[in-house]
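Chain residues, written in single-letter form:
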Amino acid sequence: IAGALETQLTARGLAQARKLAGFDWPSALVIFSSPQDRALETALQGLPGLAITPLAELRERNWGRLEGRNLSEMTPRDETPDLGEAWEDMILRVHQGVTRALLDPRKGLPVLVGHSGTIRATRRLTGGTEHGERAGNAVPLFFVPSPDGWRQQETAPRLGV
């Protein structure tokens, strides 16, 4: 459980981030990242040459006394870990970060580089569920508007020009 701990990408994580650099994005990008080292490094490796705006609201959840322990020891998400951050507080924090990114005046597709918890919170905010499998490392997920709200898709949306 890495949470708020500063951990470095493994060799595998670096390779996954570098593979992202070959992704065919549908438009110009505006990059936002968690300020944590592993997210910033993913952004630097996967989106080389682009400006990165760190957003504190995109950092991973603070798991308190559980940090540094094995994932098998994780408590249910809706329980607040001892000395940690409540899940609902994280959702509100991520909401603020996503809102800041969407309101940014720069032109381009906002790309958020975060963590598993950040993605789960975004899924919940867009009408999905935070439950289920973890998202793959350095795999773009697109959240697109639909008549029923938002939906997540794993392929780039077609953008009007």
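Note: the structure precedes this text.
Here, residues in each chain are numbered from 1, in the same order as that chain's written sequence. Selection of residues for local features in this predicted model requires a pLDDT of at least 70, selection of side-chain atom pairs for listing and counting requires 80 or more, and totals for whole chains, interfaces and linings are taken over all residues. Only hydrogens and water are set aside; all other atoms, that is, all heavy atoms of the structure, feed into the side-chain values.

*Asks:* Please give an account of helix 3 (residues 87-103) that cites residues and values.
*Replies:* Helix length check: helix 3 (17 residues) gives 24 Å between terminal C-alpha atoms against 24 Å at 1.5 Å per residue, within 8%. Buried within helix 3 are the following residues: W87, M90, I91, R93, V94, G97, V98 and A101. Projected down its long axis, helix 3 carries its buried residues within an arc of 165°, all on one side. Of the exposed residues in helix 3, the ones pointing more than 90 degrees away from its buried face are L92 and L103. The contact criterion used is simple: two residues touch if any of their non-hydrogen atoms lie within 4.5 Å. Counting from the N terminus, the helices are the DSSP runs of H or I reaching at least four residues and the strands are the DSSP runs of E reaching at least two. Taken together, the buried residues of helix 3 touch strand 1 (29-33), strand 3 (109-113) and helix 4 (116-125). Given the number of residues in a helix, its expected span is that number minus one, multiplied by 1.5 Å. Exposure classes here rest on a 1.4 Å probe applied to the protein chains alone. A residue is buried below 20% of its type maximum, exposed above 50%, and partly exposed in between. Throughout, the arc means that of the directions going from the helix axis to the C-beta atoms.

*Asks:* Got a sec to walk through the nonpolar core? Specific residues and values, please.
*Replies:* L20, W25, L29, I31, A39, A43, L47, L109, V111, V113, F142 and V144 together form the largest nonpolar core, which totals 12 residues. Residue assignment for this core shows that the elements contributing at least two residues are strand 1, helix 2 (37-46), strand 3 and strand 4 (142-146). Take this core: its biggest share by element is three residues, from strand 3. Among all residues touching L20, those that are not within four sequence positions of it are W25, G46, A138 and P140. Counting residues in hydrophobic clusters, the runner-up holds six residues, among them W87, M90, V94 and V98. Take the buried residues of types Ala, Val, Leu, Ile, Met, Phe, Trp, Tyr and Cys, join any two whose side-chain atoms come within 4.5 Å, and each joined set is a nonpolar core.

*Asks:* With reference to specific residues and values, describe the pairing of strand 1.
*Replies:* Among the five residues that make up strand 1, five are buried, leaving the element largely enclosed by the rest of the structure. The alternating pattern of strand 1 places L29, I31 and S33 on one face and V30 and F32 on the opposite face, and all of these are buried. Strands were regarded as paired on the criterion that DSSP finds at least two bridges between them. Alignment of strand 1 against strand 3, held across five bridges, turns out to be parallel. For S33, the partnering residue across the bridge sits in strand 3 and is V113. Relative to strand 2 (residues 52-54), strand 1 runs parallel, the two sharing three bridges. Residue I31 lies in a different strand from strand 2, and its bridge partner there is I52.

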